[in-house]
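Observations on the model geometry
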Amino acid sequence: MDHTAHHTGTTHDHGAHAGASWSMAVKATLHCLTGCAIGEILGMVVGTALLWGNVPTMVLAIALAFLFGYSFTLFAVIRAGLDLTSAIKVALAADTVSIAVMELVDNAVIALTPGAMDAHLSDGLFWAALLGGFAVAFLITTPVNKWMIGRGKGHAAMHAHH
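Description of the structure in this document. (Residues numbered from 1 in each chain as written. Predicted model: local features only at pLDDT ≥ 70, side-chain atom pairs only at ≥ 80, totals over all residues. Heavy atoms only, no water.)

1. Focus: the overall build of the protein chain
We count it as follows: Secondary structure elements follow DSSP: runs of H or I no shorter than four residues count as helices, runs of E no shorter than two count as strands, and numbering proceeds from the N terminus. Working rule for contacts: check all heavy atoms of both residues, and any pair within 4.5 Å makes them a contact.
Looking only at helices and strands, one finds five helices and zero strands in the protein chain. Seen in sequence order, the protein chain has helices and strands lined up from the N terminus as α-α-α-α-α. Counting only contacts in the protein chain whose residues sit at least 6 apart along the sequence, the fraction spanning at least 24 positions is 72%.

2. What to know about the nonpolar core
Worth spelling out the cut-off: Residues belong to one nonpolar core when they are buried, are Ala, Val, Leu, Ile, Met, Phe, Trp, Tyr or Cys, and are joined through side-chain atoms within 4.5 Å. In this scheme, a residue with accessible area under 20% of its type's maximum is buried, one over 50% is exposed, and one in between is partly exposed, where area comes from a 1.4 Å probe on protein chains only.
Judged by nonpolar contacts, the single largest core of 27 residues is most densely connected at Cys36, Met44, Met102 and Leu130. Put simply, the parts of the chain that give this core at least two residues each are helix H1 (22–49), helix H2 (54–79), helix H3 (84–112) and helix H4 (124–150). Element by element, the count of residues in this core is highest for H3, at seven residues.

3. A short note on H1
Going by this rule: One fewer than the residue count of a helix, multiplied by 1.5 Å, yields its expected span.
For H1, built from 28 residues, the straight-helix expectation of 40 Å at 1.5 Å per residue is met to within 8% by its first-to-last C-alpha distance of 38 Å. Of the residues one or two after H1, Leu51 is the one with positive phi, at around 60°.

4. Quick look at the side chain of Asn107
Defined as follows: For the purposes of these results, a polar contact is taken to be a pair of N or O atoms within 3.5 Å, where, inside protein, one atom must be able to donate a hydrogen and its partner to accept one; residues adjacent in sequence count only when each atom of the pair is a side-chain atom.
Here Asn107 lies in helix H3. Asn107 sits in the buried class, given a relative accessible area of 6%. From its side chain, Asn107 meets the backbone oxygen of Glu103 in a polar contact 2.9 Å long. What Asn107 contacts, discounting residues up to four positions off in sequence, is Glu40, Met44, Met58 and Ile62.

5. Comments concerning H4
This is how the line gets drawn: Note on bend: at a given residue it equals the angle between the axes fitted to the 7 residues ending there and to the 7 starting there.
For H4, built from 27 residues, the straight-helix expectation of 39 Å at 1.5 Å per residue is met to within 8% by its first-to-last C-alpha distance of 39 Å. The sharpest bend along H4 reaches about 25° and sits at Thr141, with the proline Pro143 one to four residues further on. Backbone geometry just after H4 places Gly152 at a positive phi near 75°.

6. Structural notes on the packing of aromatic side chains
Note on aromatic pairs: each is described by the distance of the centres and the angle between the planes. Applicable threshold: Classification of ring pairs uses Phe, Tyr and Trp, with its six-membered ring standing for Trp, and accepts pairs whose centres are within 6.5 Å; under 30 degrees between planes counts as stacked, over 60 as edge-to-face, and the remaining range as tilted. We count a charge as sitting over a ring when the NZ of a lysine or the CZ of an arginine lies within 6 Å of the ring centre and within 35 degrees of the ring normal.
Scanning the entire structure with this criterion turns up two aromatic pairs. Ring centres 5.8 Å apart and planes at 50° place the aromatic pair Phe66 and Tyr70 in the tilted group. Note that Phe66 and Tyr70 are positioned in helix H2 at a spacing of four residues, about one turn of the helix. With a centroid separation of 4.8 Å and an interplanar angle of 80°, the aromatic rings of Phe126 and Trp127 are classed as edge-to-face. Residue class for Trp127 comes out partly exposed when judged on its relative accessible area of 31%. Positioned above the aromatic ring of Trp22 is the side chain of Lys146, whose terminal nitrogen or guanidinium carbon lies 5.2 Å from the ring centre.

7. Quick look at the environment of Ala93
Along the chain, Ala93 falls in helix H3. Ala93 sits in the partly exposed class, given a relative accessible area of 43%.

Given below as structure tokens:
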């Protein structure tokens, strides 16, 4: 994934994080949401299709959300020339808080939506709760990412590597 779009200007002054824009935060959150959504949906579909209970299904979905979320960043920074060990450190620094907040919110929405935990893949409630959880998670995670980027943390860790 090309992360040059995260820059709002034409210069790449990586030390100037205090002016983190909402646009930058939205792009960072969308990047995180993409990986989380792929993992979360895959985990929920697999767990639901295999008739697993709620807890193992959510554990699988959360684990896959972290895996896919980290992998998007990992592949981007490896493509930019980092070795695997350094790329893993950057991915962990860039995405851990963002993915954790997103997963906490998304899974809370699903867990608190009446009937959603017992819905099947063919039920509209299953998809409404899952997609609604992503929307709420995006709205809550974006300001978190803006705050972190503004302090040179989180997704800002990636910008020095491309």
